[in-house]
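In case you want the letters, here they are:
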Amino acid sequence: MGALKSGVALCELANALQPGAIPDCIISTASMPFKQMENIGHFLAAAEALGVQASDRFQTVDLYEVKQPTQVLLCLQVLKRVTAPAPSVTKLAATAAVH
């Protein structure tokens, strides 16, 4: 969780999934706790906009103070699922043919 604590990597992830989801000008690389928590909040807002339901998102404190690391991982898994491209019919047919 330490690598995610500043929120910068999460903001970069959100922008990789949806360019401009979090403007670069508001992502802070400062080591001040309130700036890091703001970054996490920006990520959570972007996750909501990308389709992650409130029940699947974590609270800032869950990550920042490592209160609920499982909820953080759940949120990332759901984000992956809701942003994954839908499988194409051709790919599904090829997979079915193999089995």
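For the structure itself, look to the data block above.
Residue positions within a chain follow its written sequence, with the count starting from 1. Where local features are concerned, this predicted model is filtered to residues with pLDDT of at least 70; where side-chain atom pairs are given and counted, the filter is 80 or more; whole-chain, interface and lining totals use all residues. Side-chain numbers come from the whole structure's heavy atoms, not from hydrogens or water.

> I would appreciate a short explanation of the nonpolar core in the present structure.
As a rule of thumb, soluble globular proteins bury nonpolar side chains together. Within the largest apolar cluster, 21 residues are counted, with the highest numbers of intra-cluster contacts made by Leu10, Ile22, Ile40, Phe43, Val52, Phe58 and Leu63. Helix and strand definitions follow DSSP, with helices as H or I runs of at least four residues and strands as E runs of at least two, each counted in order from the N terminus. Those elements giving two or more residues to this core turn out to be α1 (8–17), α2 (33–49), α3 (60–64) and α4 (69–83). The greatest single-element share of this core, amounting to five residues, is contributed by α2. Pairs of residues are marked as contacts when any of their non-hydrogen atoms sit within 4.5 Å. The residues contacting phenylalanine 58, other than those within four sequence positions of it, are Leu10, Ile40, Phe43, Leu44, Leu63, Gln71, Val72 and Cys75. We call a set of buried Ala, Val, Leu, Ile, Met, Phe, Trp, Tyr and Cys residues a nonpolar core when their side-chain atoms join them within 4.5 Å. The cut-offs for exposure are 20% and 50% of the maximum accessible area for each residue type, with area from a 1.4 Å probe on protein chains only; residues under the lower value are buried, those over the upper are exposed, and the others partly exposed.

> Any chance you could explain the pattern of salt bridges here in plain terms?
When the charged atoms of two side chains with opposite charge come close together, those side chains can pair. We count a salt bridge whenever a side-chain nitrogen from Lys or Arg sits within 4 Å of a carboxyl oxygen from Asp or Glu. Considering all chains together, one arrives at two salt bridges under this definition. Two residues, lysine 35 and glutamate 38, come together in a salt bridge whose shortest N-O distance is 3.6 Å. Remark: glutamate 38 and lysine 35 occur in helix α2; sequence separation between them is three residues, near one turn of the helix. We note a salt bridge from glutamate 65 to lysine 67, for which the minimum N-O separation is 3.8 Å.

None of the figures reported here should be taken as evidence of function without further support.
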